Amino acid sequence: MAKKQVVELEEIAIRFTGDSGDGMQVTGGKFSESTMLAGNDLSTLPDYPAEIRAPAGTLAGVSGFQIHFASRNVHTPADQPDVLVAFNPAALKTNIADLRPGGTLIVNQDAFKKRALARAEYEESPLPGLRDRFNVVELPLTQLNRKALEGIDLGSRDIDRCKNFFVLGIMFWMYGRDLDPTQRWLRGRFRGEVREANLRALESGHAYGETTELLPTSYQVPAAKIPSGTYRNITGNAAFAWGIVAAGVQMDRQVFLGAYPITPASDILHEVARYGHFGIKTMQAEDEIAACSAAIGAAFAGSLAVTCTSGPGLALKQEAINLAVMAELPLVILDIQRGGPSTGMPTKVEQGDLPMALYGRNSDSPMPVLAASSPGDCFHTVFEAFRWAVKYMTPVVVLSDSYLANGTEPWLIPDIESLPRVSIPPLPEPESFQPYRRDPKTLARPWAVPGTPGLEHRIGGLSTEENTGNVSYDPDNNERMMHLRDQKVAGIVADIPPLEVVGNEQGELLVVGWGRTRGASTTAVEAARAEGLDVSRIHLRHINPFPPNLGEILGNFRRILVPEINLGHLTRLLRAEFLVPAEVMSKTQGKPFKVGEIRQRIDEILSSEDDS
Amino acid sequence: MATPAAQLTRKDFTSDQTVRWCPGCGDYSILANIQRVMPELGLSPEKVVFVSGIGCSSRFPYYMDTYGFHTIHGRAPAFATGIKASNPDLSVWVVTGDGDGLAIGGNHLLHIIRRNVDVNILLFNNRVYGLTKGQYSPTSRVGMKTKSTPLGSIDHPIDPLSFALGAAATFVARTVDVDAEHMQYVFRRAQEHRGTSFIEILQNCPVFNDKEWDELEDKKQRVDAGLRLQHGQPLVTGSEGRRRGIRIDSGVPAVIDLADGADISTADIAVHNENHHSPAYAFALASMERPNFPLPIGVFRAVESATYDGMLEQQMEQAMELRGAGDLRNLLHSGETWTVK
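Asker: Teacher, can you tell me more about the overall build of chain B here?
Answerer: Assigned secondary structure in chain B consists of eleven helices and twelve strands. In terms of principal-axis extent, the alpha carbons of chain B reach across some 95 × 50 × 50 Å. When burial is assessed residue by residue, chain B has 48% of its 341 residues classed as buried. For chain B, the proportion of contacts with a sequence separation of at least 24, taken over those separated by at least 6, is 66%.

Structure, rendered in structure tokens:
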């Protein structure tokens with residue numbers, strides 16, 4: 001056997017694609033796990049169809065998983081994969097346009113037969129035409145896998161289903177990854193012949209990589225220099241779930257989650273439902289309205305209440321949320337935004353709900369809004385939302401998106417001691433108790449919970465009298481209460497640290513990010529600055545209220561660019577609020593921004609400045 | 001300090017707010033009888049929560065010196081579920097109407113009943129929308145002329161008790177706004193019952209649908225128009241010379257004339273049993289409508305079944321037993337982790 005070459009790389013992006021029944025999400029997930037254990041920084045992007053099982057082999061049924069890993073910091077799943085693994089012609093057809101020119105294409109040549117080609121709407125095999133542009137590696141994966149699993153007592157269908165692990169084995173060899181974590185996982189997950197088959201497929205794939213002449217090179221991506229500590233892999237939805245658990249522990253209160261299944265938020269319910277032993281109660285309600293209403297009921301009764309949903313569900317919850325604004329009860333609403341309007345693209349990404357979160361309720365109904373910016377950040381953001389909710393007695397919405405929800409990143413596990421312990425303000429004596437008597441500093445009313453003797457009171461959605469909380473139609477009182485609610489939410493700014501500008505404090509161009517645009521903006525601005533361009537960057541987690549120095553920062557730049565996955569929601573808000581010439585960089589394809597797209601826009605803006 | 005429950009009186013459950021229903025509204029009497037019965041139930045005010053939606057009936061919580069939550073239209077059952085699930089020690093009462101409960105809130109009413117959440121639901125049925133000034137409701141009769149149905153309603157009405165029984169309600173009763181004694185009896189029974197207690201209260205709206213229940217409210221007429229249900233007693237009603245009994249054959253009720261002094265046993269008159277496991281018997285009673293039948297008043301059904309809030313607590317305890325009290329550090333470090341030095 002000829003000695004194989006080992007090439008060291010700084011970074012690489014791989015995309016696994018196949019039919020939704022081919023196990024691409026598992027393959028990508030297991031590859032990520034081993035990559036993290038190898039010490040690389042990484043970012044992933046799962047991309048799967050809304051249909052549970054679209055007809056096999058069709059373009060609609062293609063599922064993909066992209067992973068970007070490096071020996072330096074990684075902020076995005078990468079614009080273009082360097083390696084595309086395509087299990088069938090449909091996967092090739094829907095993904096080949098993204099592959100970097102000169103990149104490696106690994107295909108299962110057994111799948112490029114007449115019928116499969118027809119299902120992918122190919123008249124003939126596209127492979128010959130691709131050989132000049134890419135490094136095409138054609139492997140008879142189905143045959144190799146069948147041969148490896150000879151003697152295993154399973155039907156040919158089940159045997160063929162193991163081929164994703166055969167491919168994973170090859171990829172593990174190619175990038176010097178350890179088989180061990182996946183082997184352990186397979187042993188825990190499967191039994192009998194199925195376990196044996198998957199394990200053997202994985203190991204055979206690895207051995208095949210080592211020996212085949214078709215793959216002359218393997219690669220090494222050294223470990224990244226990342227801050228010391230203990231890390232784990234986490235998705236945004238899991239981080240939300242754990243943040244909810246952490247809030248309950250740190251505030252020493254029972255948690256109640258009311259939810260109704262909706263893509264892409266359901267996993268939060270699934271995850272939180274596992275933590276009954278933390279005293280957490282979950283309820284799958286009859287609809288979005290009931291899920292939110294039950295949570296508000298639980299908040300009234302003293303629980304840390306939370307509901308999770310996506311855009312269409314948030315629309316349904318708004319009347320109940322407005323009651324929580326009026327009744328001034330603590331509630332956290334997690335909105336995992338998805339492609340819209342209407343049912344839209346349920347599994348695709350959009351930042352479409354900011355105006356709805358801010359303004360989607362009748363009358364002036366101020367509500368704090370936070371936006372998480374990475375999977376791990378979801379943990380800290382939901383924790384902050386709970387702190388605000390109980391300190392200020394208000395519903396708080398946290399915006400995430402489908403890309404954060406399912407994307408993973410290595411996450412530095414926080415030290416429990418470093419999490420703030422939040423004490424809930426003590427209740428007044430019955431003699432001095434009034435349900436709407438406000439704390440002079442926070443303007444919060446007391447959270448008097450049913451079961452407490454002497455504090456019996458009534459709340460509701462009708463206009464309430466200051467202090468007493470009695471129903472009142474007094475015009476001056478109504479106006480006063482309107483302003484008090486507004487001031488209360490605006491006053492949360494006291495808890496928001498000043499924003500730090502990455503780059504120059506003033507200059508030509510400022511890129512303003514929110515939510516998951518963080519990764520692409522960071523990389524694009526870093527690269528532009530490395531070339532000496534006058535561009536700086538800020539990122540907003542706090543959208544209502546804004547950080548205290550936002551207006552000042554915006555005023556220090558000639559141009560302001562806001563990349564967002566909508567037609568300009570934050571942009572319009574910044575213009576209205578600060579009278580600055582913010583300009584939107586919009587994208588609504590159900591896909592996140594590419595670094596290159598933002599970089600190009602920065603170049604365009606700065607070169608037009610040069611001309612003027 | 002809270003007064004011990006045993007020494008409480010009606011006053012301890014009466015808030016300082018002026019009651020603002022129309023003069024002559026049936027709601028006054030319902031409120032008074034709830035306030036009267038509360039001290040007898042052994043509940044102290046801080047343990048009681050009244051939850052309502054929107055409509056005339058839904059102002060109820062403001063008048064009770066307990067905890068109260070006047071919520072949004074139709075959703076009171078969902079709020080109540082959250083309250084009870086959060087703290088099962090509370091006595092939770094939902095006050096709703098035929099519009100709030102059966103039109104906009106039909107979905108939530110269905111689900112709180114099927115879950116058997118341990119709450120008491122009072123549905124004030126006046127067969128009309130009062131607060132929005134007189135439109136027909138889901139319980140209005142076909143042909144009812146209102147502002148929104150000038151040619152008469154063409155909606156087939158729903159019977160609240162049939163609805164509740166269809167969701168397998170474990171406690172179902174009907175009472176009348178003018179009958180203090182009977183109302184108090186039914187409220188006591190509802191509080192004793194573990195699980196959802198569903199009570200329809202026939203309630204008069206003197207402004208938009210006056211005398212809708214006249215024959216059941218009027219002391220003379222109600223002897224013949226109503227049928228008082230008593231557990232273990234035959235289904236017999238009527239004044240001297242107009243006695244009638246109910247026979248139920250294959251789930252279908254029929255009126256049997258007993259005026260000539262016919263023997264109840266030979267006439268095969270049904271004997272009331274609240275505890276039938278199947279809701280079919282109670283459903284047969286609920287299908288008895290005026291004017292073809294005397295209208296049954298009383299407890300239709302009272303059966304034991306596990307409650308949602310009880311099972312939720314049980315699951316929490318089981319999870320604790322099985323896995324030990326949750327430990328946040330262990331959770332965050334569960335599964336694959338790695339340490340960077």
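Asker: Would you mind showing me how to read the pairing of strand β16 (residues 408-412) of chain A here?
Answerer: The side chains of a regular strand alternate between the sheet's two faces. Residues and elements named next belong to chain A. Most of β16 sits inside the fold, with four of its five residues counted as buried. With five bridges connecting them, strand β9 (residues 229-235) and β16 associate as antiparallel partners. Its bridge partner lying in β16, Tyr-231 is registered against Leu-412.

Asker: Any chance you could explain the packing of helix α12 (residues 288-300) of chain A against helix α2 (residues 76-86) of chain B here in plain terms?
Answerer: In a pair of packed helices, the angle between the axes and the distance between the axes together describe the arrangement. Their axes nearest at 6 Å, the elements α12 of chain A and α2 of chain B cross at an angle of 45°. Considered as vectors, α12 of chain A and α2 of chain B are oriented oblique to each other. The handedness of the crossing between α12 of chain A and α2 of chain B comes out as right-handed. In this structure, α12 of chain A uses Ile-289, Ala-290, Ser-293, Ala-294, Ala-295, Ile-296, Gly-297, Ala-298 and Phe-300 of chain A to contact α2 of chain B, whose residues at the interface are Ala-78, Phe-79, Ala-80, Thr-81, Gly-82, Ile-83, Ala-85 and Ser-86 of chain B. Taken together, the residues of the contact of α12 of chain A with α2 of chain B sort by class into twelve nonpolar, five polar and no charged.

Asker: Sorry if this is basic, but what is going on with the domain arrangement of chain A here?
Answerer: As a measure of interface size, the accessible area lost when the parts come together is often cited. All names here are of chain A. With domains assigned, chain A is organised as domain 1 (5-220), domain 2 (232-418), domain 3 (430-495) and domain 4 (507-611). Once you take the C-alpha centre of each, domain 2 and domain 4 turn out to be 27 Å apart. Taken together, the contact pairs 23 residues of domain 2 with 19 residues of domain 4. Residues of the side of domain 2 that touches domain 4, tallied by class, amount to 14 nonpolar, six polar and three charged.

Asker: Please explain the interface of chain A and chain B as it appears in this structure.
Answerer: Taken residue by residue, the interface counts 60 residues in chain A and 52 residues in chain B. Breaking the side of chain A that touches chain B down by element, the ones donating at least two residues are α1 (24-37), β9, α10 (236-251), β10 (255-259), β11 (281-284), α12, α13 (311-327) and β17 (458-460) of chain A. Top contributing element to the side of chain A that touches chain B by residue count: α12 of chain A, with nine residues. Residues of the side of chain A that touches chain B, tallied by class, amount to 31 nonpolar, 21 polar and eight charged. Alignment of β17 of chain A against strand β2 (residues 67-70) of chain B, held across three bridges, turns out to be parallel.

Asker: Just checking my understanding: could you explain the sheet that holds strand β21 (residues 557-564) of chain A for this structure?
Answerer: Remark on secondary structure: sheet strands pair via backbone hydrogen bonds, oriented parallel or antiparallel. Residue and element names in this part refer to chain A. Spatially, the four strands line up as an open sheet ordered β19-β18-β21-β22, and their pairing is parallel. Each of the sheet's edge strands pairs with one partner strand only, and the pair in question is β19 (535-540) and β22 (582-586). Going across the sheet, the axis of each strand differs from the next one's by a mean of 25°, ignoring polarity. Two strands pair when backbone bridges link them, and strand β18 (residues 507-514) and β19 are joined in this way by six bridges, in the parallel orientation. Directly across from Val-511, in β19, lies its bridge partner Arg-537.

Asker: Teacher, can you tell me more about the sheet that holds strand β6 (residues 197-202) of chain B here?
Answerer: If you walk across this open sheet you meet the nine strands as β17(A)-β2(B)-β1(B)-β3(B)-β4(B)-β6(B)-β5(B)-β11(B)-β7(B), and the pairing is mixed. A strand with exactly one partner marks an edge of an open sheet, and here the two such strands are β17 of chain A together with β7 (226-228) of chain B. Put simply, the sheet's adjacent strands are angled 20° from each other on average, direction ignored. Alignment of strand β5 (residues 171-176) of chain B against strand β11 (residues 295-302) of chain B, held across four bridges, turns out to be antiparallel. Among the inter-strand pairings, Arg-174 of chain B is bridged to a residue of β11 of chain B, identified as Gly-298 of chain B.

Asker: Is there a simple way to explain α12 of chain A in this structure?
Answerer: Working note: α-helix, 3.6 residues per turn, so residues spaced by three or four point in the same direction. Taking 1.5 Å per residue as the helical rise, α12 of chain A with its 13 residues ought to reach 18 Å, and the 19 Å between its terminal C-alpha atoms agrees with that figure. Just downstream of α12 of chain A, Gly-302 of chain A is the residue with a positive phi angle, here 110°.

What counts and what doesn't
- Residue indices begin from 1 for each chain and proceed along its sequence in written order.
- Throughout, the order in which chains and ligands are written sets their labels, letters from A for the former and numbers from 1 for the latter.
- With pLDDT at 70 or above as the cut-off, local features in this predicted model cover only qualifying residues; side-chain atom pairs require 80 or more to be listed or tallied, and sums for whole chains, interfaces and linings still use all residues.
- In this text, helices come from DSSP runs of H or I with a minimum length of four residues, and strands from runs of E with a minimum of two, each type numbered from the N-terminal end.
- To sort residues by burial, count the other C-beta atoms lying within 10 Å of each one's C-beta; a count of 20 or more means buried, 12 or fewer means exposed, and anything in between means partly exposed. C-beta atoms are built from the backbone.
- Any residue pair is listed as a contact if its two C-beta atoms, each placed from the backbone, are within 7 Å.
- When DSSP finds at least two bridges between two strands, those strands are taken to pair.
- Fitted lines through C-alpha atoms serve as axes, helices being fitted only where they are in contact, and the angles separating the N-to-C directions of these axes extend from 0 to 180 degrees.
- Angles are sorted into four bins: roughly parallel if under 35 degrees, roughly antiparallel if over 145, roughly perpendicular if 65 to 115, and oblique for all others.
- When the near helix sits turned anticlockwise from the far one by under a right angle, the crossing is termed left-handed; a clockwise turn instead gives a right-handed crossing.
- Ten residues, namely Ala, Val, Leu, Ile, Met, Phe, Trp, Tyr, Cys and Pro, are considered nonpolar, four, namely Asp, Glu, Lys and Arg, are considered charged, and the remaining ones, Gly among them, are considered polar.
- Where a domain begins and ends is set by an automatic assignment or by a domain database.
- By this rule, a helix spans an expected 1.5 Å times one less than how many residues it contains.

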